Structures are given as C-alpha cells and as structure tokens.
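Remarks on the overall topology
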Amino acid sequence: MKILITGGAGFIGSHVVRLFVNKYPDYTIYNLDKLTYAGNLENLRDIENKPNYKFVKGDIVDAGFINELFAKEQFNAVIHLAAESHVDRSITNPLEFVYTNVIGTVNLLNAAKTLFKQEGSSFKRFYHVSTDEVYGSLGDEGMFTETTAYDPHSPYSASKASSDHFVRAYHDTYKLPCVISNCSNNYGPYHFPEKLIPLCINNIKHNRSLPIYGKGENVRDWLFVEDHARAIDVIFHKAKEGSTYNIGGHNEWKNIDVIRLLCRIMDKKLNREPGCNEKLITFVTDRAGHDLRYAIDSTKLQNELGWKPSLQFEEGLEKTVDWYLANETWLENVTSGSYAHYYEDQYARR
Ligand code: NAD
Ligand code: DAU
C-alpha cells in the first residue's frame, strides 16, 4: 500500500505518520506537507530515515501539483490531516482557512477520484480527519453523536464543516470510498504553543502570564494525541465506506480547571512553591463567538471497532509536561522565527 498522509509534519499528523511508519513496514508512507508555521520536520526526526517513509513538500491548494503527484505515485489511500487548525487565526484571516481547508480538500478529492475511476483501480480509501467543532456548542447537558446536526460558529469550524460536506458529496455522487472522523481537543507532545495547553506550559516555564479567555468556564473534552492516532489506525483499517466516527476521551474540563491542574503539576516539576504558578493566571477578553462546551460521545467507535482511550487526563498531562521540559530546544525553535512575531503580537495586545 502507498498511503499519502497530508499534514504529517503538524501536531497530530506527525503522531499518525510515526505510528504507521513503525507499525506497517510493508506500507510506504508519503508525508505531504507545505511546512507552514505549524509544520515542522523536527517532529519526525526519529523516523525520517526509515525505508518506508518519504517526505514531499507541497501545497494542497495547488491543484496542478496535486494532480501530478497522484498521477506519478498512484496512491492506494489518503489520510487527510493538512489544515489551518487554530480558531484565533481563523478569526483574523478566514480566507486562508477557505483555501487550505475547503479548496485544498476538494483538490485532494478530485485527484483521488481520478485514480479511483481508472480502469482496474486499486484506490481503496479517502480518510478525512475532522473535528467536533463542526457540531457547534453544547449547553450544560448532552453530547455530540455522529447524527448531531452541523452548526459551526468560527471560520475554522465552518471551513472544516464545508470540507466534511464535500467528502460526503464525493462519496454519495462518485462512490469515492470515503470515511470521516470528528475528534475532540487533542493534547500531548509536539502540540504547537499557540494552543491553550502548550501555550501555558511555555508561559509557566518563563514565568509569563496565562491568558484565560472570559471567565475560563468554557469546557473542552481532552484526548491524548497518541490515542487519536490509534483511533485513526483502527478506523482507517476497519471502517465501512461512507461511515463517520466520533473520537473523544469522555474527559470534559473547564479551561480554568485544566490550567489550575497544569499549574500544580508544574509547581512540583519546577520545584516552585505550591500555588506559585496559579498567580500567573490572567483573565483576558473572550474569544469572539467562543463555543461554550464540547463533549463527544464515542460509543459507536468503542462498540463497533473496539477502540478505547488509554490514558487518564492527569497522567497524560504530566507526561506532556515532562516532554516539553525535556525538549526545550524544540520549544525554542518553534517559538522563534516567523512564529515569534505572531507570539509577540499576541502579547502586545494583552
Ligand atoms: P497543525 O496545525 O498542528 O498541523 C497542520 C499541518 O498541515 C502542518 O504541518 C501544516 O504545515 C500543514 N498544512 C497546512 N496548510 C497546508 C497546505 N496548504 N498544504 C499542505 N500542508 C499544509 O494541526 P493539527 O492540530 O495537527 O490538526 C490536524 C488535523 O486534525 C486538522 O485537520 C484538524 O482540523 C484536525 N483536528 C485537530 C484537533 C486538535 O485538537 N488539534 C482535533 C480534532 C481534529
Ligand atoms: O475541538 C477540537 C479542536 O480543538 C480542533 O479542531 C482545533 O484544531 C484545535 O485548535 C482545538 O480548538 P480550541 O479552540 O478548542 O483549542 P485552543 O487550544 O485554541 O483553546 C482551548 C480552549 O482554551 C478554548 O475554550 C479557548 C481557550 N483559550 C485558548 C487560548 C489559545 C484560552 O482561554 N486562552 C488562550 O490563550
């Protein structure tokens, strides 16, 4: 099998590439990535010389390039993760999200359709990795299931919802063998430090303020990134064509409670006085259109395909902190260069 994984130099993509390269030596894994600010080949140093791994630098928005690549390599399957992924950036620059998340996805679908429609085609699967944010926001009760109506609120989630609709349309119209999964918030190693958890780990380390939007009452359902990668492996190999699976850890936390827990873990790790890091918490202006609560019901995935999350949140968060403290160079590299400007801009505004 020749599998194209898009966005493999990003946070989740790098865990998926690593898992597939190590677990399936008979597959050839192509990692296609534009290497935006969020893509970093340092995330894959440990597997970059494996014989079944190939990196291709390129932009999924460039239809000509994508069509040529598919014609040349004749992939058997695609696992599509490449995206603009940060909600705050989508509020500042929505069009970038339309280009990559919508047009980029349709370019891949078109190229996959061409392979699939060839005589004697061996194209088997187009797996689209999506998010729980397409379902919108919950009140105090209830959970998102696979049949919850789409109700996106941010430009990011609207672009992901649009891409999901295109994937289903290509399945229904052209019989392209598609599957989709919608996952909750991930955390773990290689998470870019613009997102809540790694941002706060980095800020605690440097004794900088911890910006909590609004009152910190918003709830997210956190899943360790390696558990997401395992779910993608199971769904890729076992899901029926045209199916959708929700992925989540049944692990809801208010943002303020996540950050308080993180502060306590890092008081110990950094040998600081208990309560010292909590003093860094600063409530700042809320995110526009901020979804109140996400909660994923992953019963279908658990019952039909036998996947379960492996880690408790406290254990996963401690493991994550240990990774960031042991990988200072990685953190310094990704917070310098072009990202530094964005990072400093954010702080100038707060
Ligand atoms: P990320 O921002 O860390 O990585 C995105 C990757 O895509 C980067 O390597 C980037 O260089 C690449 N990329 C961006 N634009 C590209 C383009 N035009 N052409 C080629 N490559 C491009 O994102 P992530 O957090 O790892 O998310 C990966 C996928 O999972 C996304 O589709 C996201 O919507 C979805 N998702 C993320 C989460 C989460 O909590 N992070 C949860 C559910 C679903
Ligand atoms: O639910 C899945 C989604 O999770 C993915 O689809 C997205 O790609 C991913 O970025 C993530 O989106 P969120 O907006 O939930 O993640 P973020 O880390 O940006 O924010 C988590 C929560 O913390 C959210 O309620 C906003 C809040 N927050 C975030 C930042 C960056 C703060 O309070 N302060 C901050 O500085």
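Since the model is a prediction, treat every value here as computed from it, not as a measurement.

The rules we used
Residues numbered from 1 in each chain as written. Chains lettered and ligands numbered in written order. Predicted model: local features only at pLDDT ≥ 70, side-chain atom pairs only at ≥ 80, totals over all residues. Heavy atoms only, no water. Near = heavy atom within 4 Å. Polar contact = N/O pair within 3.5 Å; in protein donor to acceptor, adjacent residues only side chain to side chain. Areas by Shrake-Rupley, 256 points an atom, 1.4 Å probe, with all protein chains shown as cover. Helix = DSSP H or I, 4+ residues; strand = E, 2+ residues; numbered from the N terminus. Nonpolar A, V, L, I, M, F, W, Y, C, P; charged D, E, K, R; others polar. Phe/Tyr/Trp six-rings, centres within 6.5 Å; stacked < 30°, edge-to-face > 60°. Buried < 20%, exposed > 50% of the residue type's maximum accessible area, 1.4 Å probe, protein only. Pairing = 2+ DSSP bridges. Axes fitted to C-alpha atoms, helices over the stretch in contact; angles between N-to-C directions. Contact = heavy atoms within 4.5 Å.

Time to look at the site of ligand 1. Around ligand 1 sit 28 residues, and of these I12, D33, S85, Y156 and K160 come closest. Taking T36, its main chain carries an N or O atom lying 3.0 Å from an oxygen atom of ligand 1. Within the backbone of I60, a nitrogen or oxygen atom sits 3.1 Å from a nitrogen atom of ligand 1. In the complex, 96% of the free accessible area of ligand 1, which totals 830 Å², lies under the protein chains. If you list the elements that add at least two residues to the shell around ligand 1, you get α1 (11-23), β5 (125-131), α5 (155-174) and β7 (185-187). No other element matches the three residues that β5 contributes to the shell around ligand 1. Here the residues of the shell around ligand 1 sort into 12 nonpolar, 12 polar and four charged.

Next up on the list: the packing of aromatic side chains. The description of an aromatic ring pair rests on the distance of the ring centres and on the angle between the ring planes. The tally for this structure, following the rule as stated, stands at 20 aromatic pairs. Ring geometry for Y24 against Y27: centres 4.7 Å apart, planes inclined by 15 degrees, an arrangement best described as stacked. The exposure class of Y27 is buried, given its relative accessible area of 15%. Residues Y190 and W330 carry aromatic rings whose centres are separated by 5.9 Å and whose planes lie at 75 degrees to one another, so their mutual orientation is edge-to-face. Of the two residues, Y190 sits in the loop between β7 and α6 (196-205) while W330 sits in helix α11 (residues 328-334), which places them 140 residues apart along the sequence. For the residue pair Y190 and W330, the accessibility class agrees, reading buried in each case.

Strand order in the open sheet formed by seven strands is β3-β2-β1-β4-β5-β6-β10, with parallel pairing between adjacent strands. Since the sheet does not close on itself, it has two edges, and those belong to β3 (53-57) and β10 (244-247), each with one partner. Averaged over all pairs of adjacent strands, the angle between their axes in this sheet comes to 20 degrees, without regard to strand direction. Two elements, β5 and strand β6 (residues 178-183), share six bridges in a ladder whose sense is parallel. Note on β6: the bridge partner recorded for F126 is C178. Across the sheet, α5 is in contact with β5, β6 and β10; its angle to β5 comes to roughly 155 degrees.

Before going further, it helps to examine the sheet that holds β7. Strand order in the open sheet formed by three strands is β7-β9-β11, with mixed pairing between adjacent strands. Edge positions in the sheet fall to β7 and β11 (252-254), since each of these pairs with one other strand and no more. Sheet twist, expressed as the mean angle between neighbouring strand axes with direction ignored, is 50 degrees. As paired elements, strand β9 (residues 219-224) and β11 share three bridges and run antiparallel to each other. Bridged to R220 within β11 is W253. Packed on one face of the sheet, helix α7 (residues 225-238) meets β7 and β9 and runs near 70 degrees to β9.

All right, on to the site of ligand 2 then. Looking at ligand 2, there are 25 residues lining it, with T131, D132, Y156, R287 and H290 nearest. At 2.8 Å from an oxygen atom of ligand 2 is found a side-chain nitrogen or oxygen belonging to E133. In the environment of ligand 2, an oxygen atom lies 2.9 Å from a nitrogen or oxygen atom belonging to the side chain of R220. Bound to the protein, ligand 2 loses 94% of the 690 Å² it would expose on its own. Those elements giving two or more residues to the shell around ligand 2 turn out to be α3 (87-92), α6 and β8 (210-213).

Remember that the coordinates give geometry; whether it matters functionally is a separate question.
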